Amino acid sequence: MQLKQFLRSSSFGSCSSKRSTYSRNFDLPEDTPATEIFETGPEYVGGAMLPIFLNDLRQNSDLQDLVEVTLELDDNSIVLCSVAPTPSHNAEGNGSEEEAPNGFLARSASAASKLRRKFSWIRSPSVRSRTSAAPSEDDHFQFYNHNSNHNNTTNTLSAREEMKSKLKLVRSKSTAQRALGGLRFISKTTGESDTNVQWKKVEARFDALAKDGLLAREDFGDCIGMTDSKEFAVGVFDALVRRRRQKTAKITKAELHEFWLQISDQSFDARLQIFFDMADRNGDGKITRDEVQELIMLSASANKLSKLKERAAEYASLIMEELDPDDLGYIELWQLETLLLQRDNYMNYSRPLSTTSVGWSQNLGTRSKTRNLVKRASYGLKCLVLDNWQRAWILLLWVMIMAGLFTWKFLQYRRRAAFQVMGYCLATAKGAAETLKLNMALVLLPVCRNILTWLRSTRAKLLVPFDDNINFHKIIAYAIAVGILLHAGNHLACDFPRLINSSPEKFALIASDFDNVKPTFKSLLTGIEGVTGIAMVILMAIVFTLATRGFRRNVLKLPPPFNRLTGFNAFWYSHHLLAVVYVLLIVHGTFLFLVHQWWQKTTWMYISMPLLLYVAERSLRTCRSEHYTAKILKVSVLPGDVFSLTLSKPNGFKYKSGQYIFLQCPTISSFEWHPFSITSAPGDDYLSVHIRIVGDWTNELKRVFTEDDSSACEIGRAKFEERGNVDQRGLPRLLVDGPYGAAAQDYQNYDVLLLVGLGIGATPFISILKDLLNNSRSEEQLDSNTETSASDDSWTSYASSSAASSGKKKSIRTKSAHFYWVTREPGSFEWFKGVMNEVAEMDHKGLIEMHNYLTSVYEEGDARSTLITMVQALNHAKHGVDILSGTQVRTHFARPKWKEVFSKIASKHPYSTVGVFYCGLPALAKELRKLSQELTYKTSTRFEFHKEYF
């Protein structure tokens, strides 16, 4: 009776959830024993409403349905699990009456719907915690009415019950924990303090956006931080409003705070309920195919996936087919939960091309952590030496040579008579001039690309960092600028004034060097030495200025007509002014004031050999480009402002994967050459490049190859119209120069490859993947031929085996490759779709792991990408195709966690050498370089980082 009295005073919905606002007081009939309701104690008072509702349902309906209601009880809540018809039986000894199946199904569905709507509050996630154990008999209530049922209906609903029972087991597995932590509406933060801090920001935005104390529905996204997903935020708003059984387009701050508490709830079940309510637009506890389609379109719109939006109906049908196999036309909350928790299981059905399945070994713990200052310093020094020793000795040698030349020339003039007149100014100017001669010679060598490409194939690559040739070129240019300041500055500001103001006695010491005539400042500047020196300073100032990043990369936005001074064209053409500078330098070094013997005039000795090498280099490029004229086989316009050119392979053209070529289109410009990575493999009978449109030259190149009228085109300031530059098919000529060496061409020197490309930066690695696949296929064919010949005793088979063995190439060192492609545009996957499919079909040995990352989609676990993740997993399991890339390679969302990537590779490949090759923005290069150093020190795996430069 105490329990009964307690129930009478209880109110419906009295739970600890902050979101439950609905309550109803009720009294139990006096003749109803408490034990008939339940026997589990007063903490389960929420279930007391169920018999009242069932009694009302029986009294208000002419139908006599016999149903079984299953509830799940725990310490804090009662959960309605299912409403199912029971097998027909004879109640109270009377015979049962048969009813039409359709009527029974309608009544069963109606009863289930009413029960779920009535008791939807008891699924509040903030007050319950599910367990994996099956409910006991004491935890179930069974209510029976007299009814009969057909076997097919029983089988249908029992199948759904079987799916539901499996959900508990899935929840208990460790593989589901990652999914349970997902479905975030706000952020990753879980702390209450973080939520409070975020609410203060939301409150401030409310004050800024609200009008008359009310926040409009359209501003809800801006207010809660979903600025880029306003349409999705409106969907969340509508779902929360429906929970309150309201229809309003504006809310107060108090209502906003209530909404905020719901969407920031860290309980997975709370977030799942909101997500379900977003789809359940009519609030009947069921989601139809049309509602699933609308939610898919909403998610696709939030992530800017237009193609996914176009196929929303197809993917909605796919979800219904999986979750509603009995074709009841709807799915419920627990079925949506099942799909979310089993995402990883769906992925396991497909080939693991995009997952790194590695067993964590002890490799990460082979070396102790750096805890004290000495160990940290030792670790930093080791990393510094390991990564920079090649650069260090080159720079040290160069600095020592400059210091030696400066000191030698400084002391030489220190002992001359002219020092008595012009002092240390003269000695400093002459010392700087000697370093200028050296650097004007050295600056040409890093851009002799053919020589560097040849040196890469020699043992010199063990000592010289050829990948840093452009960086060394820039460093020498800075040294030249410093030398000019010291040399010209000392002449103009110091020793020239001292010379013209010197006393007759002091000038008599050097009068013979000036034909016994004391010079004036004007005569010094207007003489050959002065004119050539000033001209060189002006020209080199122009060249250096236009070569800076602000001008070369179009960072500076200048008004017309000065905007022509920015961009690659200005950089390219201004660099050709250096040809004039070298001529002036030779003249300047010939007519010196204080030197008269030819063998003392050493300028020509410094620059003659490097200048001859550079001239030979440019001549070779010109001749070879004429010889390597390529025919256009195919032009493909691809998404994301990219097009590909497939060229005929010129006779004798040999290259390695990872190398690049220069292209020139005389129809556009007879002077401009632009580098592009080769995307075809060395074994292919064609050349292919992928070109991103980022400037006027690439824009014109696309135009002349995709438009019929290509006889004339305009670029920059000039027009070109040359009939001889069009081949017999009407397409413009394309000249090829190369190949040229790059860091990635030495990939075969490593046991394992980690290839990282950002956007179009994936191009140098596509050729490597093709080459690895071709080599693997060749080895398989050779192994197959050897096995076949071994089983045949004929002489022909023996001869074939001998020929195969003798022609077998040396096995490559690389045994595994991990390719990470990070891109912003989903259309980018079309660029190399064929390559990815080929790898998926032909890589039988599992040599290549491919990982695609799309940064425009919200990271996995965000509510805005949750349904896309579900569809992706389901489609991958059903058809083996990724919905975004259209290949077997699964697409990940957001950016890779690079530390995890490196750690897993180190665990999977202990005591191996990993070549890390990167092509993309410099910011990520710093992180990858640092991780390579860190993991090399902490593990037995050695990582060697290389960045692509052009």
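Here's a quick rundown of the structure. Keep in mind that what you see is a predicted model, and the values were worked out from it rather than measured. (Residues numbered from 1 in each chain as written. Predicted model: local features only at pLDDT ≥ 70, side-chain atom pairs only at ≥ 80, totals over all residues. Heavy atoms only, no water.)

## Concerning the nonpolar core
Okay, so step 1: Among the nonpolar cores identified, the biggest contains 91 residues, and Phe 185, Phe 220, Leu 256 and Ile 319 are the most heavily contacted of them.
Okay, so step 2: Not counting residues up to four positions away in its chain, the partners in contact with Ile 319 are Val 292, Ile 296, Asp 324, Ile 331, Leu 339, Leu 867, Val 871 and Leu 874.
Okay, so step 3: Tyr 628, Tyr 655, Ile 661 and Trp 697 belong to the second largest nonpolar core, which has 24 residues in total. (Core = buried A, V, L, I, M, F, W, Y, C linked by side-chain atoms within 4.5 Å. Buried < 20%, exposed > 50% of the residue type's maximum accessible area, 1.4 Å probe, protein only. Contact = heavy atoms within 4.5 Å.)

## Considerations on a nonpolar patch on the surface
Okay, so step 1: Residues Leu 381, Leu 384, Val 385, Trp 389, Trp 393, Leu 397, Ile 401, Leu 462 and Leu 463 make up a contiguous nonpolar surface patch of roughly 850 Å² in combined accessible area.
Okay, so step 2: In this structure, Leu 463 sits in the loop between helix H19 (449-456) and helix H20 (469-500).
Okay, so step 3: Assessed through its relative accessible area of 46%, Leu 463 is described here as partly exposed. (Patch = residues over 30% accessible without salt bridge, like charges linked within 9 Å, V, L, I, M, F, W, Y side chains within 5 Å. Areas by Shrake-Rupley, 256 points an atom, 1.4 Å probe, with all protein chains shown as cover. Salt bridge = Lys/Arg side-chain N within 4 Å of Asp/Glu carboxyl O. Helix = DSSP H or I, 4+ residues; strand = E, 2+ residues; numbered from the N terminus.)

## Quick notes on the sheet that holds strand S8 (residues 642-648)
Okay, so step 1: Read across the open sheet, the 3 strands follow the order S7-S8-S11; overall the sheet is antiparallel. One side of each edge strand has no neighbouring strand; the edge strands of this open sheet are strand S7 (632-638) and strand S11 (686-692). Each adjacent strand pair in this sheet contributes to an overall mean axis angle of 15°, direction not counted.
Okay, so step 2: Where S7 and S8 come together, 6 bridges link them in antiparallel fashion. From the neighbouring strand, Lys 634 faces S8, where its bridge partner is Thr 646. (Pairing = 2+ DSSP bridges. Axes fitted to C-alpha atoms, helices over the stretch in contact; angles between N-to-C directions.)

## Overview of the packing of aromatic side chains
Okay, so step 1: Scanning the entire structure with this criterion turns up 28 aromatic pairs.
Okay, so step 2: Summarising the aromatic geometry, the rings of Trp 199 and Trp 260 are spaced 6.4 Å apart at their centres and angled 40° between planes, so their arrangement reads as tilted. Here Trp 199 is found in helix H7 (residues 192-209), whereas its partner Trp 260 is found in helix H10 (residues 253-263), with 61 residues between them in sequence. Trp 260 shares its class with Trp 199; the two are buried.
Okay, so step 3: Put simply, the rings of Phe 496, Phe 507, Phe 514, Phe 521 and Phe 593 pair up and form one aromatic cluster.
Okay, so step 4: Directly above the aromatic system of Tyr 330 lies the positively charged group of Lys 286, at a separation of 4.3 Å from the ring centroid. (Phe/Tyr/Trp six-rings, centres within 6.5 Å; stacked < 30°, edge-to-face > 60°. Lys NZ or Arg CZ within 6 Å of the ring centre and 35° of its normal.)

## Considerations on the state of the cysteines
Okay, so step 1: The tally for this structure, following the rule as stated, stands at 1 disulfide.
Okay, so step 2: What pairs with Cys 425 in a disulfide is Cys 494, and their sulfur atoms sit 1.5 Å apart. Between Cys 425 and Cys 494 the disulfide shows an S-S torsion of about 40°. By sign, it is right-handed. One end of the pair, Cys 425, is in helix H18 (residues 418-442); the other, Cys 494, is in helix H20, with 69 residues separating them in the sequence.
Okay, so step 3: For Cys 425, a relative accessible area of 12% translates into the label buried. (Disulfide = S-S within 2.5 Å.)

## Examining the side chain of Gln 872
Okay, so step 1: The residue Gln 872 is located in helix H32 (residues 863-879) in this model.
Okay, so step 2: Looking at Gln 872, the relative accessible area reads 0%, which means it is buried.
Okay, so step 3: A distance of 2.6 Å separates the side chain of Gln 872 from the backbone oxygen of Thr 891, its partner in a polar contact. (Polar contact = N/O pair within 3.5 Å; in protein donor to acceptor, adjacent residues only side chain to side chain.)

## Looking at the side chain of Glu 849
Okay, so step 1: Along the chain, the position of Glu 849 falls in strand S17 (residues 848-854).
Okay, so step 2: A distance of 3.2 Å separates polar atoms of two side chains, one belonging to Glu 849 and the other to His 818.
Okay, so step 3: A polar side-chain atom of Glu 849 sits 2.9 Å from a polar atom in the side chain of Lys 908.

## What about the packing of helix H15 (residues 333-341) against H32?
Okay, so step 1: Axis separation between H15 and H32 bottoms out at 9 Å; the angle between their running directions is 70°. Viewed along their axes, H15 and H32 adopt a mutual orientation that is roughly perpendicular. Of the two possible hands of crossing, H15 and H32 adopt the one that is left-handed. Contact residues: H15 offers Leu 336, Leu 339 and Leu 340, while H32 offers Thr 866, Met 870 and Leu 874.
Okay, so step 2: In terms of residue class, the contact of H15 with H32 is built from 5 nonpolar, 1 polar and no charged. (Parallel < 35°, antiparallel > 145°, perpendicular 65-115°, else oblique. Left-handed = near helix turned anticlockwise from the far one by under 90°. Nonpolar A, V, L, I, M, F, W, Y, C, P; charged D, E, K, R; others polar.)

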